[in-house]
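Observations on the model geometry
Here is what each chain is made of, one letter per residue.
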Amino acid sequence: MQTKVFTETVQDDNVLQHAYSTLISKLYMLEKNRSFKTLTVTSCNPGEGKTSFSASLAKVLAGAGKRTLLVNLDLRKKYKPGKVSYHSAAYGISSYLEGDVELNDAICKTNIENMYFLDSGKYLGDPVSLLCSDRLGTFMQVAGSEYDYVITDTPALECNTDALLISGNTDAVILVAKMGSTTIKDIRKAQTQLYAIDAHILGVILNKSSKRFYKKLFSAPDYFKYGKPALYKSV
Amino acid sequence: MLFRRKRGIWEIYAADNETERTLAVQDGEARNFMEFTEDNMELKRFLYTFLRMFWLIILLGAVGLGVTIYLYGYGAVPVYAADTKIFTLAKGSADSSRNKIDYQDILTNRQLSNDYQDIIKSKKVIEMSQRQLSGMKIDPDRLKSMISVSSQDNSSIVVIRAVSADAGEAGRVSLAVSDSFISTLEELTKTDIVGVIDEPGLPSSPVQPDNLKQILMGLLIGIGTAIIIIYIADFFDTRIRFKEDIEHYTKLPMLAVIPKYNMKSAK
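Below: a short report on this structure. (Residues numbered from 1 in each chain as written. Chains lettered and ligands numbered in written order. Predicted model: local features only at pLDDT ≥ 70, side-chain atom pairs only at ≥ 80, totals over all residues. Heavy atoms only, no water.)

Looking at the overall build of chain B
Along chain B, the regular secondary structure elements total ten helices and five strands. Among the 267 residues that make up chain B, the fraction classed as buried is 38%. A separation of at least 24 residues holds for 74% of the contacts in chain B among residues at least 6 apart in sequence. In the structure as shown, chain B presents an accessible area of about 15,700 Å², 59% of it carried by carbon and sulfur atoms. (Helix = DSSP H or I, 4+ residues; strand = E, 2+ residues; numbered from the N terminus. Buried < 20%, exposed > 50% of the residue type's maximum accessible area, 1.4 Å probe, protein only. Contact = heavy atoms within 4.5 Å. Areas by Shrake-Rupley, 256 points an atom, 1.4 Å probe, with all protein chains shown as cover.)

In structure tokens, the structure reads:
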């Protein structure tokens with residue numbers, strides 16, 4: 001099995017940790033109504049933070065003790081230096097969908113406990129043929145039974161139909177929107193597209209808001225920052 | 001019509017297929033409920049855009065101010081003003097048996113000084129002064145526009161001011177008009193009730209133009225334009241600005257707000 005190292009980002013940052021713990025507590029509450037194992041993370045326009053978000057979400061879920069598989073289903077993305085990206089592993093989901101390798105050989109271990117990673121793999125053809133195959137549905141079923149959560153990172157909806165094809169095979173969709181950049185029109189369009197294929201939209205993530213704005217959402221954000229005065233001191 | 005909201009987006013999504021129609025109905029139901037619960041998003045968004053684009057108000061205000069100051073201050077031709085002061089007391093009009101001037105005379109003359117303003121601009125005075133200034137070839141309309149008459153409230157002193165780009169011309173016109181006025185008045189009233197106090201000298205420096213009104217107008221026009229631009233920008237702005245926008249305009253649940261951070265590229 002291949003291994004992959006993710007840098008710790010969420011743990012470094014107080015505010016970020018707060019945001020992600022709020023998110024997974026919401027996901028936990030939502031799961032009581034309708035269970036979901038496989039999640040598609042997509043956005044309306046490129047560059048709104050899907051890759052960062054899905055990696056961080058997988059890390060946080062793994063940190064909460066869930067066996068999490070992060071899948072890079074962005075089969076078109078080429079690695080660009082300086083841009084947030086997964087470096088390609090030797091095998092990936094494209095190899096599995098083509099039938100070249102077994103699933104367990106393609107999945108990488110990571111430096112984070114409970115977190116597993118499946119890269120896109122090196123695929124040069126048109127991804128649509130892979131995504132339309134039945135093997136994607138089979139993959140989602142197998143992965144969903146083996147892992148608590150499967151998070152798939154996909155291309156943006158405005159670029160191509162990859163994300164729609166993937167959403168059709170997953171239980172739920174998370175739509176990432178960038179604060180102050182994504183328009184309501186974009187989200188309405190995405191909503192219409194996703195409803196047309198009967199996808200279940202879990203909700204919208206407002207990404208890349210300023211920290212000042214984030215702190216305003218809570219009336220007492222700094223309460224735990226300085227530590228609560230200890231009522232009971234251990235002797 | 002379900003899409004009746006102000007923000008331009010709703011008109012675009014006129015329901016033309018089954019899914020969108022279903023969405024529209026859901027929207028309508030949700031909105032009826034929202035009317036009671038939501039605070040005013042339109043106002044909130046406008047105020048946000050207003051603050052975000054406040055620099056435009058400052059910029060256009062400064063541009064408006066600058067343009068008017070240039071046009072009316074620096075760009076204008078320097079003008080010179082020459083004043084002739086006339087005292088209009090009727091010493092001969094009083095009863096000949098009395099040699100002194102009483103208070104009643106002063107009151108009467110103060111009222112008269114208002115009439116003089118009309119007399120100075122009359123055709124007769126203008127034509128007479130034009131004859132005096134025959135060497136300069138000024139047509140009556142221009143002469144009329146050069147002259148302004150002012151008197152303080154109920155004062156017996158009338159100031160005849162001539163304004164011109166040429167200092168010498170202003171002085172001569174002022175004096176000529178005053179002379180014509182005095183002789184006309186003497187002819188009309190058969191008295192010698194008026195006399196020149198101060199003859200105009202040669203004005204040495206141009207008058208400061210009184211353009212405060214125009215400059216303020218320029219400032220206001222600049223600010224007004226900026227506010228109109230901000231309003232239009234806000235009307236067509238459908239970008240997500242607040243957390244509430246998602247639920248208000250799309251009816252999708254909000255999962256979380258994630259702050260900005262610098263992610264180091266994964267190894």
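Thoughts on the overall build of chain A
Along its length, chain A carries nine helices and eight strands. Across the 235 residues in chain A, those meeting the buried criterion constitute 52%. Look at the contacts in chain A between residues 6 or more apart in sequence, and 81% of them connect residues 24 or more apart.

A few points about unusual backbone geometry
Residues and elements named next belong to chain A. Positive phi, normally seen in glycine, also occurs at Asn114, with a value near 75°. For Asn114, the location among the structural elements is in the loop between strand E4 (108-110) and strand E5 (115-118). At Lys208, a residue that is not glycine, the phi angle is positive and equals roughly 55°. Residue position: Lys208 is located in strand E8 (residues 201-209).

Considering the packing of aromatic side chains
By convention here, two paired aromatic rings are described through the distance between centres and the angle between planes. Throughout the structure, instances matching the rule amount to nine aromatic pairs over all chains. Considering the side-chain rings of Tyr96(A) and Phe139(A), the 5.8 Å spacing of their centres and the 55° angle between planes classify their relative orientation as tilted. One end of the pair, Tyr96(A), is in helix H3 (residues 93-98); the other, Phe139(A), is in helix H6 (residues 134-146), with 43 residues separating them in the sequence. In this structure, Tyr96(A) and Phe139(A) share a single accessibility class: buried. On the numbers, 5.1 Å between centres and 80° between planes, the contact of Phe235(B) with Phe236(B) is edge-to-face. A network of ring pairs unites the aromatic residues Phe46(B), Phe50(B), Phe54(B) and Tyr231(B) as a single cluster. In this structure, Arg135(A) is placed above the aromatic ring of Tyr96(A), and the distance from its NZ or CZ to the ring centre is 4.7 Å. Positioned over the ring face of Phe242(B) is Lys44(B), at 5.0 Å from the centre of the ring. (Phe/Tyr/Trp six-rings, centres within 6.5 Å; stacked < 30°, edge-to-face > 60°. Lys NZ or Arg CZ within 6 Å of the ring centre and 35° of its normal.)

Comments concerning the packing of helix H4 (residues 54-74) of chain B against helix H9 (residues 212-236) of chain B
Residue and element names in this part refer to chain B. In the contact formed by H4 and H9, the axes pass within 7 Å of each other and the chain directions differ by 150°. Classified by the angle their axes make, H4 and H9 are roughly antiparallel. Crossing of H4 over H9 shows right-handed handedness. Seen from H4, the contacting residues are Leu56, Ile57, Leu60, Gly61, Gly64, Leu65, Thr68, Ile69 and Tyr72; seen from H9, they are Gln214, Ile215, Gly218, Leu219, Gly222, Ile223, Thr225, Ala226, Ile227, Ile229 and Ile230. (Axes fitted to C-alpha atoms, helices over the stretch in contact; angles between N-to-C directions. Parallel < 35°, antiparallel > 145°, perpendicular 65-115°, else oblique. Left-handed = near helix turned anticlockwise from the far one by under 90°.)

Considerations on the sheet that holds strand E1 (residues 80-88) of chain B
All names here are of chain B. Spatially, four strands are ordered E2-E3-E1-E4 in an open sheet, and the strand pairing comes out antiparallel. Two strands close off the open sheet at either side, each with one partner strand: strand E2 (147-151) and strand E4 (194-198). Averaged over all pairs of adjacent strands, the angle between their axes in this sheet comes to 30°, without regard to strand direction. Alignment of E1 against E4, held across four bridges, turns out to be antiparallel. Of the residues in E4, the one forming a bridge with Ile86 is Val196. (Pairing = 2+ DSSP bridges.)

Some details on the side chain of Asp186(A)
Residue and element names in this part refer to chain A. Looking at the element boundaries, Asp186 is found in helix H8 (residues 184-196). Despite its burial, Asp186 remains without a salt bridge, the nearest opposite charge being carried by Lys189 at 6.3 Å. Once you skip the residues sitting within four places of it in the chain, Asp186 turns out to touch Cys44, Asn45 and Glu158. (Lys, Arg positive; Asp, Glu negative; His and termini not counted. Salt bridge = Lys/Arg side-chain N within 4 Å of Asp/Glu carboxyl O.)

Thoughts on the pairing of E5(A)
Residues and elements named next belong to chain A. Side-chain alternation along E5 places Met115 and Phe117 on one buried face and Tyr116 and Leu118 on a second face that is also buried. Of the strand pairs in this sheet, E4 and E5 are connected by two bridges, and their pairing is antiparallel. Residue pairing in the sheet places Lys109 in a bridge with Tyr116 of E5. In this structure, the hairpin formed by E4 and E5 is closed by a connection of four residues, where Asn114 is found at a positive phi of approximately 75°.

Looking at the pairing of E1(B)
The sheet contact formed by E1(B) and strand E3 (residues 157-164) of chain B spans eight bridges and is antiparallel. By the bridge assignment for E3(B), Phe87(B) is matched with Ile157(B).

Description of the side chain of Ser94(A)
Residue and element names in this part refer to chain A. Residue placement: Ser94 occurs in helix H3. In this structure the side chain of Ser94 is engaged in a polar contact, spanning 2.6 Å, whose partner is the backbone oxygen of Ser120. Setting aside chain neighbours within four positions, we find Ser94 in contact with Leu75, Ser120, Gly121, Lys122, Tyr123 and Leu130. (Polar contact = N/O pair within 3.5 Å; in protein donor to acceptor, adjacent residues only side chain to side chain.)

Re helix H3 (residues 41-52) of chain B
Since the α-helix packs 3.6 residues into each turn, any two residues three or four apart lie on the same face. Look at H3(B): 16 Å from first C-alpha to last across twelve residues, which is about the 16 Å you get at 1.5 Å a residue. Within the span of H3(B), buried status applies to Met41(B), Glu42(B), Arg45(B), Phe46(B) and Thr49(B). Seen end-on, H3(B) carries its buried residues on one side only, within an arc spanning 130°. Check the buried side of H3(B) and you find it contacts H8 of chain A together with H9 and helix H10 (243-249) of chain B. (Expected span 1.5 Å × (residues − 1). Arc of directions from axis to C-beta.)

Quick notes on the packing of H3(B) against H9(B)
All names here are of chain B. For the pair H3 and H9, the least separation of the axes is 9 Å and the interaxial angle reads 130°. Considered as vectors, H3 and H9 are oriented oblique to each other. Handedness of the crossing formed by H3 with H9: right-handed. On H9, the residues that touch Arg45, Phe46, Thr49 and Phe50 of H3 are Ile227, Ile230, Tyr231 and Asp234. In terms of residue class, the contact of H3 with H9 is built from five nonpolar, one polar and two charged. (Nonpolar A, V, L, I, M, F, W, Y, C, P; charged D, E, K, R; others polar.)

In short, geometric facts, not functional conclusions.
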